[in-house]
Amino acid sequence: MQLDDYIKAGKIASEVRELARAKDWVGKTLYEICETVESEIQSRGGKCAFPVNASLNEIAAHYTAEPNDPKILTSSDLVKIDLGVQINGYIADTAVSVSYDPQSAILVETAEEALKAAMAMVKEGIKSSEIGKTIQKTVMQYNLKPIANLSGHSLEQYTIHAGKSIPNMWSIGSFALSTKEAYACEPFVTTSRGLGFVREGKTKNIFGLVSRKKTKNENANKLVDFIWDNFNTLPFALRWITKSYEEKEARTLLEELIKNKIVRAYPVLNEANGQRVAQAEHTFIPTATGAIITTL
Ligand code: MN
Ligand code: MN
């Protein structure tokens, strides 16, 4: 574990998240939001661990702007800005929900409160199911629902979801937190009318390399090399490719790589009853007495 790099990444992620929280995004396009947040990461010497997610309203996660995405944020929207910073592959994963709509404030505040309650209890040896129980209890006291099938996760070098889950509800199957691992905790909260789980939507605009096997198409092979050199196995957006490729060509080649199972596409995740969702997230490393919250 490279503690220094985790801490450096966390400091950048935290600064950029607070900037994203404070900024008035109304009237800005989702393209401007994602690009602005990403350039703030880069100007601080960080690399993006994944495309900045700007997921609106009932989209809980996994939406990033398309190239020149024209969708404009209005004062009645709720947007989850989820960002990742990596230093030598060591990742800080953090998120904030921003809404100017008073009706969504309770969702935003409850996600923050649930995260805070979880961060107050984490330390070496604490069971993941106990964290889920605390998040669930915090959320349900406001007659709101946690999202059952979204969870926090262990992190490894160049791997965002490294296999272990930190649930947002009490759940069977549990592991004890280790001081040798970094984790992200991310409560998602929806209304009492929500079903409390997400379904995959049709839109897919986040991608990841899964194999470097060659195809017969030399241009597709070159794109694989480009992806490997720039993003490794971490997620990427089409926006990041069209800085070097013409958009139409990039789309065609990417389609071909998806068809050949060389690249995977991640679908957006929608609240199953179309209800709004808020999220808050920190990355932390447990210690004997508490945790280093790298994104605090
Ligand atoms: Mn995240
Ligand atoms: Mn995460």
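Residues numbered from 1 in each chain as written. Chains lettered and ligands numbered in written order. Predicted model: local features only at pLDDT ≥ 70, side-chain atom pairs only at ≥ 80, totals over all residues. Heavy atoms only, no water.

S.K.: Help me understand the nonpolar core in this model?
M.R.: Across soluble globular proteins, you tend to see nonpolar side chains buried next to one another. If you look at the biggest cluster of nonpolar residues, it comprises 49 residues, and the most contacted ones within it are Ile81, Leu83, Ile227, Phe236 and Ile241. Here this core spans two domains, since at least three of its residues come from each of domain 1 (3–199 + 270–293) and domain 2 (205–269). Apart from the residues within four sequence positions on either side, Ile241 is in contact with Leu223, Phe226, Ile227, Phe231, Phe236, Ala250 and Leu254. Formed by 24 residues, the second largest nonpolar core is a distinct cluster that contains Val139, Phe175, Leu177 and Ala278. (Core = buried A, V, L, I, M, F, W, Y, C linked by side-chain atoms within 4.5 Å. Buried < 20%, exposed > 50% of the residue type's maximum accessible area, 1.4 Å probe, protein only. Domains from an automatic or database assignment. Contact = heavy atoms within 4.5 Å.)

S.K.: Looking at this structure, how should I read helix α2 (residues 30–43)?
M.R.: It helps to recall that an α-helix has 3.6 residues per turn; residues three or four apart then point in one direction. Over its 14 residues, α2 extends 20 Å from the first C-alpha to the last, a length consistent with the 20 Å expected when each residue adds 1.5 Å. Buried residues of α2: Leu30, Ile33, Cys34, Glu35, Val37, Glu38 and Ile41, and no others. Buried residues in α2 make contact with α1 (3–22), β1 (47–56), β3 (78–87) and α6 (238–241). (Helix = DSSP H or I, 4+ residues; strand = E, 2+ residues; numbered from the N terminus. Expected span 1.5 Å × (residues − 1).)

S.K.: Looking at this structure, I do not really get the coordination of the manganese ion (ligand 2). What am I missing?
M.R.: For a metal bound by four donors in tetrahedral geometry, the ideal donor-metal-donor angle is 109.5 degrees, whereas six donors in octahedral geometry ideally sit at 90 or 180 degrees. Within the first shell, the manganese ion (ligand 2) binds the protein through Asp93 (OD), His153 (NE2), Glu186 (OE) and Glu281 (OE), at distances of 2.1 to 2.2 Å. Counting gaps between the donor residues of the manganese ion (ligand 2) yields the pattern D-x59-H-x32-E-x94-E. Between the manganese ion (ligand 2) and the manganese ion (ligand 1), a spacing of 3.2 Å is present, and a bridge between the two is formed by Asp93. One end of the pair, Asp93, is in strand β4 (residues 90–99); the other, Glu281, is in the loop between β12 (277–279) and β13 (282–286), and 188 residues separate them in sequence. Assigned by exposure class, Asp93 and Glu281 land together as buried. (Donors = N, O, S within 2.8 Å, 3.2 Å for Na, K, Ca; no water.)

S.K.: How should the side chain of Asp82 be read in this particular structure?
M.R.: On the secondary structure map, Asp82 appears in strand β3. There is no salt bridge for the buried Asp82, and the closest opposite charge comes from Arg17, which lies 9.6 Å off by N-O distance. At 2.9 Å, the side chain of Asp82 and the side chain of Gln279 are in polar contact. If we ignore the near neighbours within four places in the chain, the residues touching Asp82 are Phe50, Pro51, Val52, Asn53, Asp93, Thr94, Ala95, Glu186, Gln279 and Glu281. (Lys, Arg positive; Asp, Glu negative; His and termini not counted. Salt bridge = Lys/Arg side-chain N within 4 Å of Asp/Glu carboxyl O. Polar contact = N/O pair within 3.5 Å; in protein donor to acceptor, adjacent residues only side chain to side chain.)

S.K.: It is not clear to me how the coordination of the manganese ion (ligand 1) should be interpreted in this structure. Could you clarify?
M.R.: Within the protein, Asp82 (OD), Asp82 (OD), Asp93 (OD) and Glu281 (OE) serve as the donor atoms for the manganese ion (ligand 1), at 2.1 to 2.4 Å. Taken in chain order, the donor set of the manganese ion (ligand 1) reads D-x10-D-x187-E.

S.K.: Please explain a nonpolar patch on the surface as it appears in this structure.
M.R.: The grouping of Met1, Leu3, Ile7 and Ile292 at the surface amounts to a nonpolar patch, some 310 Å² of accessible area in total. Assignment of secondary structure puts Leu3 in helix α1. For Leu3, a relative accessible area of 34% corresponds to the partly exposed category. (Patch = residues over 30% accessible without salt bridge, like charges linked within 9 Å, V, L, I, M, F, W, Y side chains within 5 Å. Areas by Shrake-Rupley, 256 points an atom, 1.4 Å probe, with all protein chains shown as cover.)

S.K.: In this structure, what is going on with the side chain of Thr283? I would like to understand it.
M.R.: Take Thr283: it is sitting in strand β13. A distance of 2.7 Å separates the side chain of Thr283 from the backbone oxygen of Asp93, its partner in a polar contact. Discounting chain neighbours no more than four positions away, the residues touching Thr283 are Ile91, Ala92, Asp93, Leu155, Tyr183, Ala184, Ile292, Ile293, Thr294 and Thr295.

S.K.: How should the packing of helix α3 (residues 105–121) against helix α4 (residues 128–140) be read in this particular structure?
M.R.: Following both chains from N to C, one finds α3 and α4 inclined at 145 degrees, their axes separated by 9 Å at the closest point. With respect to the hand of their crossing, α3 and α4 are arranged in right-handed fashion. Within the contact between the two elements, α3 uses Thr110, Glu113, Ala114, Ala117, Ala118 and Met121 and α4 uses Glu130, Ile131, Thr134, Ile135, Thr138 and Val139. Among the residues making up the contact of α3 with α4, the classes are represented as 7 nonpolar, 3 polar and 2 charged. (Axes fitted to C-alpha atoms, helices over the stretch in contact; angles between N-to-C directions. Left-handed = near helix turned anticlockwise from the far one by under 90°. Nonpolar A, V, L, I, M, F, W, Y, C, P; charged D, E, K, R; others polar.)

S.K.: Is there a simple way to think about the domain arrangement of the chain in this case?
M.R.: Domain annotation of the chain identifies domain 1 (3–199 + 270–293) and domain 2 (205–269). One C-alpha centre belongs to domain 1, the other to domain 2, and the line joining them spans 25 Å. Contact residues are listed per partner, giving 30 residues for domain 1 and 19 residues for domain 2. For the pairing of domain 1 and domain 2, the buried interface totals around 1900 Å² over both sides, and the portion due to carbon and sulfur atoms is 60%. It is His62, Pro67 and Tyr158 in domain 1 that bury the most area against domain 2; as a group they hold 33% of the surface buried on that side. The interface formed by domain 1 and domain 2 holds 11 residue pairs in polar contact (both at pLDDT 80 or more) in total. For the side of domain 1 that touches domain 2, the secondary-structure elements that each account for two or more residues are α2, β1, β2 (59–61), β10 (198–209) and β11 (263–271). For the side of domain 1 that touches domain 2, the element with the most residues is β1, which contributes 6 residues. Classifying every residue of the side of domain 1 that touches domain 2 by side-chain character gives 18 nonpolar, 6 polar and 6 charged. (Buried area = accessible area lost by both parts, 1.4 Å probe.)

S.K.: Where do I start with the pairing of β13 in this structure?
M.R.: Consecutive side chains along a regular strand alternate between the two faces of the sheet. Among the 5 residues in β13, 5 count as buried, and that is most of the element. Of the two faces of β13, the one holding His282, Phe284 and Pro286 and the one holding Thr283 and Ile285 are both buried throughout. Alignment of β13 against strand β14 (residues 291–293), held across 3 bridges, turns out to be antiparallel. Note on β14: the bridge partner recorded for Pro286 is Ala291. (Pairing = 2+ DSSP bridges.)

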